[in-house]
Amino acid sequence: RPRVLSGIQPTAGSFHLGNYLGAVRQWVALQDTHDAFYCVVDLHAITVPQDPAELRANTRLAAAQLLAAGLDPERCTLFIQSHVPEHAQLGWVMNCLTGFGEASRMTQFKDKSAKQGADRTTVGLFTYPVLQVADILLYQADQVPVGEDQRQHIELTRDLAERFNGRYGQTFTLPAPYIPKETAKIYDLQDPSVKMSKSASTPKGLVNLLDEPKATAKKVKSAVTDTDTVIRFDPVGKPGVSNLLTIMSVLTGSTVAALEKEYEGKMYGALKTDLAEVMVDFVTPFKDRTQEYLDDPETLDSILAKGAEKARAVAAETLAQTYARVGFLPAK
Ligand code: TYM
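Residues numbered from 1 in each chain as written. Predicted model: local features only at pLDDT ≥ 70, side-chain atom pairs only at ≥ 80, totals over all residues. Heavy atoms only, no water.

A.B. asks: Any chance you could explain the environment of A217 here in plain terms?
C.D. replies: Relative to the assigned elements, A217 resides in helix α9 (residues 213–221). Sequence-wise, A217 and L21 are 196 residues apart; in three dimensions their C-alpha atoms are separated by 17 Å. Once residues within four sequence positions are removed from consideration, A217 is found in contact with A276 and V280. (Helix = DSSP H or I, 4+ residues; strand = E, 2+ residues; numbered from the N terminus. Contact = heavy atoms within 4.5 Å.)

A.B. asks: Would you mind going over the site of the ligand with me for this structure?
C.D. replies: Close contacts around the ligand come from 27 residues, with Y128, D135, G147, D149 and I186 the closest. Between the ligand and Y128, the relevant distance is 2.6 Å, taken from an oxygen atom to a side-chain nitrogen or oxygen of the residue. At a separation of 2.9 Å, a nitrogen atom of the ligand approaches a polar side-chain atom of Q132. In the complex, the protein chains occlude 96% of the 710 Å² of accessible area that the ligand would expose alone. Only β1 (3–8), α1 (17–30) and α7 (123–138) provide two or more residues apiece to the shell around the ligand. Here the residues of the shell around the ligand are counted per class, giving 11 nonpolar, 12 polar and 4 charged. (Near = heavy atom within 4 Å. Polar contact = N/O pair within 3.5 Å; in protein donor to acceptor, adjacent residues only side chain to side chain. Areas by Shrake-Rupley, 256 points an atom, 1.4 Å probe, with all protein chains shown as cover. Nonpolar A, V, L, I, M, F, W, Y, C, P; charged D, E, K, R; others polar.)

A.B. asks: I'm lost on the packing of aromatic side chains in this one. Help?
C.D. replies: The full count for this structure, using the stated rule, is 10 aromatic pairs. With a centroid separation of 6.2 Å and 20 degrees between ring planes, the pair formed by F282 and F286 is classed as stacked. With F282 and F286 both in helix α12 (residues 268–294), this residue pair falls 4 residues apart, about one helical turn. With a centroid separation of 4.8 Å and 85 degrees between ring planes, the pair formed by Y323 and F328 is classed as edge-to-face. Here Y323 falls in the partly exposed class, since its relative accessible area comes to 26%. By way of ring pairs, the aromatic residues Y20, F282 and F286 are connected into one cluster. (Phe/Tyr/Trp six-rings, centres within 6.5 Å; stacked < 30°, edge-to-face > 60°. Buried < 20%, exposed > 50% of the residue type's maximum accessible area, 1.4 Å probe, protein only.)

A.B. asks: Teacher, can you tell me more about the UniProt feature "binding site: L-tryptophan" (unreviewed entry) in the protein chain here?
C.D. replies: The UniProt record marks D135 with the feature "binding site: L-tryptophan" (unreviewed entry), using the residue numbering of this structure. Among the structural elements, D135 can be located in helix α7. Look at D135 and you get buried, because its relative accessible area is 4%. In contact with D135, not counting residues within four places along its chain, are L5, V41, H44, Q81 and H87. (UniProt positions renumbered as here; feature names shortened; annotations may be inferred.)

A.B. asks: What am I meant to see in the side chain of Q150 here?
C.D. replies: As for its position among the elements, Q150 is in the loop between β4 (143–145) and α8 (151–168). By relative accessible area, Q150 is classed as buried at 14%. In terms of polar contacts, Q150 uses its side chain to reach the side chain of Q132, at 3.1 Å. The contacts of Q150, once residues within four sequence positions are left out, are Q108 and Q132.

A.B. asks: Would you mind showing me how to read the pairing of β1 here?
C.D. replies: The side chains of a regular strand alternate, first on one face of the sheet and then on the other. A large share of β1 lies buried, amounting to 5 of its 6 residues. Where β1 lies against strand β2 (residues 35–40), 6 bridges are found, and the strand directions are parallel. Along β2, the bridge assignment pairs R3 with D35. Chirality of the crossover, the property in question, places the unit of β1, α1 and β2 among those that are right-handed. (Pairing = 2+ DSSP bridges. Right-handed = clockwise from strand over helix to strand, strands pointing away.)

A.B. asks: Sorry if this is basic, but what is going on with the nonpolar core here?
C.D. replies: Within soluble globular proteins, side chains that are nonpolar tend to cluster in buried spots. By size, the foremost hydrophobic cluster in this structure holds 54 residues, and its most contacted members are L17, Y38, L66, L189, L209, I247 and M279. Of all the elements, α12 adds the most residues to this core, at 9 residues. Residues V130, V133, Y139 and I154 belong to the second largest nonpolar core, which totals 37 residues. (Core = buried A, V, L, I, M, F, W, Y, C linked by side-chain atoms within 4.5 Å.)

A.B. asks: Quick question: what am I supposed to make of a negative patch on the surface here?
C.D. replies: Among the surface-exposed residues, D288, E292, D295, D296 and E298 lie close enough to one another that they form a single negatively charged patch. Here D296 lies in the loop between α12 and α13 (297–326). (Patch = residues over 30% accessible without salt bridge, like charges linked within 9 Å, V, L, I, M, F, W, Y side chains within 5 Å. Salt bridge = Lys/Arg side-chain N within 4 Å of Asp/Glu carboxyl O. Lys, Arg positive; Asp, Glu negative; His and termini not counted. Charge placed at Lys NZ, Arg CZ, Asp CG, Glu CD.)

A.B. asks: I tried to follow the pattern of salt bridges on my own but got confused; where do I start?
C.D. replies: When the charged atoms of two side chains lie near each other, side chains of opposite charge can form a pair. Taken as a whole, this structure holds 13 salt bridges when the rule is applied. One salt bridge in this structure joins K238 and D226, with 3.4 Å as the shortest N-O distance. Linking K238 in the loop between α9 and α10 (239–252) with D226 in the loop between α9 and α10, this pair joins segments that are 12 residues apart in sequence. Taking the shortest distance from any N to any O, the salt bridge between K238 and D228 comes out at 2.6 Å. With K238 in the loop between α9 and α10 and D228 in the loop between α9 and α10, the pair connects residues that are 10 residues apart, well separated along the chain. Each member of the salt-bridge network shares a partner with another, and the members are D32, D72 and R75.

Below, the structure is given as structure tokens:
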């Protein structure tokens, strides 16, 4: 079985629809066909300031949401990044292989640091992608299921893996991005020219899965479309409507073409009303299941402990090999 690895930040509390459709949904599906490793990346979270109690709570919440979304600890390995110290250890080795200019070209870093200002940007944020490289290479992942915004970080992973292999001998698998085209980028409901993200300019454009279902329905119904009236998939000419069609298609399993047919001659309001209902039917049980996991912290913690143990077995082997190749004197 090919191996997949992916990670998600715990920082926002609730996952948003972009996280789910762009990544987590694929994680669930890949459990059946791949040897799957998924982690909540708390080390990445502290690249920006975090309140300790909140970080702890949000890390549990992230794990609960992943289980609620359908990750099954019997079929995949779910763990918390900081429970496996090898991530930070391999991260250091990878830092020493990364060019300063190379890291400076990472667009997510450029965007985030520009927003924060230089004096508030940490060195951790700068090397964030390199830690991600370590996450992936530790597990010898063949594929990495993510949204489009992570593609550049997977390319960096391949570059560093190749560089290490070239310098020290074959050690790491070169991973490929796994980014289904339809859901590669889910857009903001109020501004369909930008991706849905927790740093949206208005909360109305961001669908948090743990919001009150009523609030979610309202956001869907007030989504920005266009002044035309035809319900047609055309991401360039009709980005708002196309985004709604994508979301509807994935959540219902109907093809976009079938939806275009179904809504022929109908108004945008009809699509929005139906999608609002589909969304409510999706988020309501999701929210309930998440709460059930939160209400039983012992079960949750034991799932995470088992996950960390399984992850460590793989990570430790890769790290030992890496250390030996680099020339670190083994501890006796
Ligand atoms: P994060 O936590 O920002 O997002 C988690 C996943 O959600 C995807 N995503 C989207 N997909 C489609 N449309 C959107 N609007 C949208 N918004 C977010 C992201 O692409 C991501 O797949 N650096 C990563 C976390 C990470 C990681 C890893 C991923 C750390 N180590 C190793 C893969 C492998 C991040 O910040 O994701």
